[in-house]
Amino acid sequence: MIREPFLDGWTVGPKLGAFEAPTPESAPKPVRLPHDAARDLPRSADSDQGVHTGYVPGGVFEYAKTIDVPEEWRDKTVRLEFEGVYRDAVVFLNGDAVVHEPNGYNAFEAVLDPYLRYGEQNRITVEARAHRDSRWYSGAGIYRPVHLVVADPVHIPLDGTRVTTPDIDPDRAIVCVATTVCNGSRHTRTRRLTWVVEGPDGSEVAAGASPVTVLPGSDAVARVRLAVDDPALWSDTSPSLYRVRTTLAGEDGHLIDTDAVAFGIRRLQVDPRRGLRINGESVTLRGACMHHDSGPLGAATFADAEDRRVRLLKAAGFNALRSAHNPMSRAMLDACDRHGVLVMDELTDTWTRSKVAFDAAPGFAERWRHDVEALVAKDVNHPSVIMYSIGNEILELATPAGSAWSRRLADAVRERDDTRLVTNGINGIIANLDRMGTDAGAGDADGPDASDPNTMMAAMGDMMAAANASELVTQSTEESASVLDVVGFNYAESRYELDRELFPNRVIVGSETFPSRIEKMWELVQRLDHVIGDFTWTGWDYLGEAGIGRVDYTDEPGYTPTGTAGLYPHLVAGCGDIDITGHRRPVSYYREIVFGLRTEPYLAVHPPRHHGRPTATTPWSWDDSESSWTWDAEPGAPVTVDVYAAAEEVELQLDGRTVGIAAVGVEKAFRARFETEYRPGELVAIARAGGREIGRMQLRTAGQITLVARAEESEIAADGLGFIGIELADADGVVASEADRLVTVAVEGDAELAGLGTGRIRTEESFAGPSVTMYRGRALAIVRPTGPGAATVRVTAEGLSPAVATLAIVGPRG
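Residues numbered from 1 in each chain as written. Predicted model: local features only at pLDDT ≥ 70, side-chain atom pairs only at ≥ 80, totals over all residues. Heavy atoms only, no water.

1. Here's the deal with the overall build of the protein
- In terms of helices and strands, the protein carries ten helices and 47 strands.
- The C-alpha radius of gyration of the protein comes to 27 Å, within 12% of the 28 Å expected for a compact globule of 814 residues.
- Its C-alpha atoms give the protein principal-axis dimensions of roughly 85 × 65 × 60 Å.
- Expressed as a percentage of the 814 residues in the protein, the buried residues total 58%.
- Of the roughly 31700 Å² of accessible surface on the protein, 48% is carried by carbon and sulfur atoms.
- The protein carries 82 positive and 120 negative side-chain charges, and their two centres are separated by 2 Å. (Helix = DSSP H or I, 4+ residues; strand = E, 2+ residues; numbered from the N terminus. Rg over C-alpha atoms; globule rule 2.2 N^0.38 Å. Buried < 20%, exposed > 50% of the residue type's maximum accessible area, 1.4 Å probe, protein only. Areas by Shrake-Rupley, 256 points an atom, 1.4 Å probe, with all protein chains shown as cover. Lys, Arg positive; Asp, Glu negative; His and termini not counted. Charge placed at Lys NZ, Arg CZ, Asp CG, Glu CD.)

See below:
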């Protein structure tokens, strides 16, 4: 069998109508997959997609590629495996329609056999559409990988091997393997399957074999139960992975097909008294919600980018991710398996009622089973996946019809996989928008703007807690909640203690919460056994829902309040613990301290130039602050300094002199605030508890700055990515936070620039580069190899010496 990446040699351009003439502007351009067709489209304030996508327009796109089809393929089956095309994809071969996949997040196959022309070139085209169909930036096009498969008519299909571990003891575990074999021929075939289980170290730990007879035009499933001695269990703290290698052989023993699947051996339990347990050990979910884009790469999905996001989130203290609000990529699931990050994988943002003009709701009633099957097939072998979420803030959830849909979806998931938990992100306010005015105590129905749920929730303030705890929400959501193993609540912590009394068998997870309230959320999680964790919005910043987490200075000339919607040119949400380049924002360190994972205090300084200015924020905002003592301010300028600490008091020193001592938690838990003056030097925070020092942190003013370019990894794979951090820093690595410059990036050798960006949420600069204005002294360049060899990344800025980073590029991982 041939299964190889099918990424090179494509072109993309706007899809023209049958009677439209091409123009120079519409001419197709060469691209390599995965590719986001929307990322580089011109943005404007009058984009009809507006704030949802960060003012990026949509469109209809056509990808094309020619392929030589040899005569020897006539006796094979030829397929294309697409991991995701956004959206409403149609695949054509030589002008004939092969397959239609409406869901932009489903993996699917295009079976080319009926349309192939052997011994000549064949033309493949893929159409994709994106237009006012998402509440966030979705990207567009063939944004996830594609593989070409040339197989025997009798073969193992995509996701054809399923592994479960239903019986686990300390000294042995039973591994159940089920492999599907497809027979596309006209004859009954008997083949032989062999399974080999490899341990975490790669050694063989179990094996089995079985003949399998498959009738023509049908499938057969062969099963085996294998015992693994002394199993190494998978968990978030010890992510031990096994692998089962499957071979399909003919009657004469010749090899026909192979498959390889990674899996973990773990036991999953949950109850309201002991919470969530993995392998018998209690686990609390330190969770982050995640959208699927990769910032400067747009929506294009690369394994190295997904792995980097998972690694950095885990290092920041998270042990769980919620894919919001669509199925997670295969590459990110692989990364979560490797790094020990638990996953709540989400099916959809809508059921039958639309949230935006052209979303998937109209086809949901016809496609939902197909979508559930695609989700489960993708996830079933991943030990990181512990929960399936069947929806997010579903509009019809509180109606009788919505309750029936809840039950139907939960049951369908369990039919396909009963080894994991089922949840749903319930927002009782959103589910009762038409009744929220008087029934729930939410105030004037004409007050908060129900056309923008984010603005509405932000405007409700303390009324939101009362509304979520109302009798209306209790009664209207009871049935939809009752079908779940774990009830997910979005912004409804007021229900946590209430539901312990009303529904003593209910297990709850905070499926979406405000980042600014983590200290309150975490106190509830730690105190209430039936609340198994918290998922903040969001762990990693994202494109679209532009400006939802911004801080506005309201004395700015021409300022107009706009609720949670950021006016053009806002592009990024601005609410991530980690910005789109991978830089940790102060809220990330505050959360790490709240989680109990950091003992050292953390210094967060408000820019002196904004001192005393009035601000407007949203519940998704954090303070405008940076961990820096290098500011473009006169000595003596007033400045606000925050110190985050799990301590009783903090002493602040400047150049060895005590500036002040402040109690922690006076205005906000885990925070001490100082009003002082900015003077260059060394600022030190000393945290104390019980009169004893428990940790300290220092910041120093930067000296002579230079331009620095540093590769995160000096050696990368030819099918990987290189990440180059760019900084304005002194010889000791101290970053100058207000010395931003326009930098230009040039890549020489066996690579090309794939993306260039900063953490700035309001910008008109393109991620395509080659130039970008640094933000608080930082930028990130991402390069993609064109083959094995070497590459040099040269960064220049006016008035500074160039910075150079080099990369060695080795062969592809495969």
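2. A look at the side chain of Asp293
- By the secondary structure assignment, Asp293 is in the loop between β22 (285-290) and α1 (303-315).
- Despite its burial, Asp293 remains without a salt bridge, the nearest opposite charge being carried by Arg309 at 5.7 Å.
- In terms of polar contacts, Asp293 uses its side chain to reach the backbone amide nitrogen of Gly295, at 2.9 Å.
- Polar side-chain contacts of Asp293 include one of 3.0 Å to the backbone nitrogen of Leu543.
- Beyond its immediate sequence surroundings of up to four residues, Asp293 is in contact with Tyr137, Gly298, Ala299, Arg309, Tyr542 and Leu543. (Salt bridge = Lys/Arg side-chain N within 4 Å of Asp/Glu carboxyl O. Polar contact = N/O pair within 3.5 Å; in protein donor to acceptor, adjacent residues only side chain to side chain. Contact = heavy atoms within 4.5 Å.)

3. Comments concerning the packing of aromatic side chains
- Per the counting criterion, the structure on display carries 20 aromatic pairs.
- Taking the centre distance of 5.8 Å and the plane angle of 90° together, the rings of Phe6 and Trp10 count as edge-to-face.
- On the basis of an interplanar angle of 10° and a centroid distance of 4.9 Å, the ring pair of Phe82 and Phe108 is categorised as stacked. Here the residue Phe82 occupies a position in strand β5 (residues 77-82), and Phe108 occupies one in strand β8 (residues 108-111), the gap between them amounting to 26 residues.
- Among the residues examined, Phe82 registers a relative accessible area of 1% and is labelled buried.
- Given the relative accessible area of 6%, Phe108 is considered buried.
- Clustering of aromatic rings is evident, with ring pairs tying together Tyr589, Tyr590, Tyr602, Trp622, Tyr644 and Phe670.
- Seen from the ring of Phe723, Arg308 lies directly overhead, with NZ or CZ sitting 4.6 Å from the centre.
- Over the face of the ring belonging to Tyr589 we find Arg584, whose NZ or CZ atom lies 3.8 Å from the ring centre. (Phe/Tyr/Trp six-rings, centres within 6.5 Å; stacked < 30°, edge-to-face > 60°. Lys NZ or Arg CZ within 6 Å of the ring centre and 35° of its normal.)

4. Observations concerning the pairing of strand β46 (residues 789-797)
- Two strands pair when backbone bridges link them, and strand β42 (residues 742-749) and β46 are joined in this way by seven bridges, in the antiparallel orientation. Bridge assignment links Thr744 to a residue of β46, and that residue is Thr796.
- Sheet topology places β46 next to strand β47 (residues 800-810); eight bridges connect them, and they run antiparallel. Paired with Val795 across the two strands is Ala803, which belongs to β47.
- The turn linking β46 back onto β47 is made up of two residues, and Gly799 within it adopts a positive phi angle of 85°. (Pairing = 2+ DSSP bridges.)

5. Thoughts on the pattern of salt bridges
- Taken as a whole and assessed by the stated rule, the structure comprises 66 salt bridges.
- Note that Asp411 and Arg414 form a salt bridge whose closest N and O atoms lie 3.7 Å from each other. Taken as a pair, Asp411 and Arg414 lie in helix α4 (residues 400-416) at a separation of three residues, close to a single helical turn.
- Judged by relative accessible area, which is 34%, Asp411 ranks as partly exposed.
- The partly exposed category is assigned to Arg414, whose relative accessible area is 24%.
- For Arg500, the salt bridge goes to Glu497, with nearest N and O atoms at 3.8 Å. Of this pair, Arg500 and Glu497 both sit in helix α8 (residues 496-502), separated by three residues, roughly a single helical turn.
- Its relative accessible area of 38% is what places Arg500 among the partly exposed residues.
- Look at the salt bridges and you will find they share partners, linking Asp624, Glu626, Arg710, Glu727, Arg776 and Arg778 into a network.

6. Thoughts on the packing of α1 against helix α2 (residues 330-339)
- The contact between α1 and α2 brings their axes to 8 Å, and the two run at 40°. Between α1 and α2, the interaxial angle falls into the category oblique. Crossing of α1 against α2: the hand is right-handed. For the pair formed by α1 and α2, the contact residues are Ala303, Glu306, Asp307, Arg309, Val310, Arg311 and Lys314 on the first element and Ala331, Met332, Ala335, Cys336, Arg338 and His339 on the second.
- Across the contact of α1 with α2, the residue classes break down as six nonpolar, one polar and six charged. (Axes fitted to C-alpha atoms, helices over the stretch in contact; angles between N-to-C directions. Parallel < 35°, antiparallel > 145°, perpendicular 65-115°, else oblique. Left-handed = near helix turned anticlockwise from the far one by under 90°. Nonpolar A, V, L, I, M, F, W, Y, C, P; charged D, E, K, R; others polar.)

7. Re the packing of helix α9 (residues 518-527) against helix α10 (residues 586-594)
- Contact geometry of α9 with α10 gives a least axis separation of 10 Å together with a crossing angle of 25°. By the criterion of interaxial angle, the relationship of α9 to α10 is roughly parallel. By crossing handedness, the relation of α9 to α10 is classed as right-handed. Residue-level contacts link Ile518, Glu519 and Trp522 of α9 to Tyr590, Arg591 and Val594 of α10.
- For the contact of α9 with α10, a count of residues per class yields four nonpolar, no polar and two charged.

Just geometry here; none of it tells us what the structure is for.
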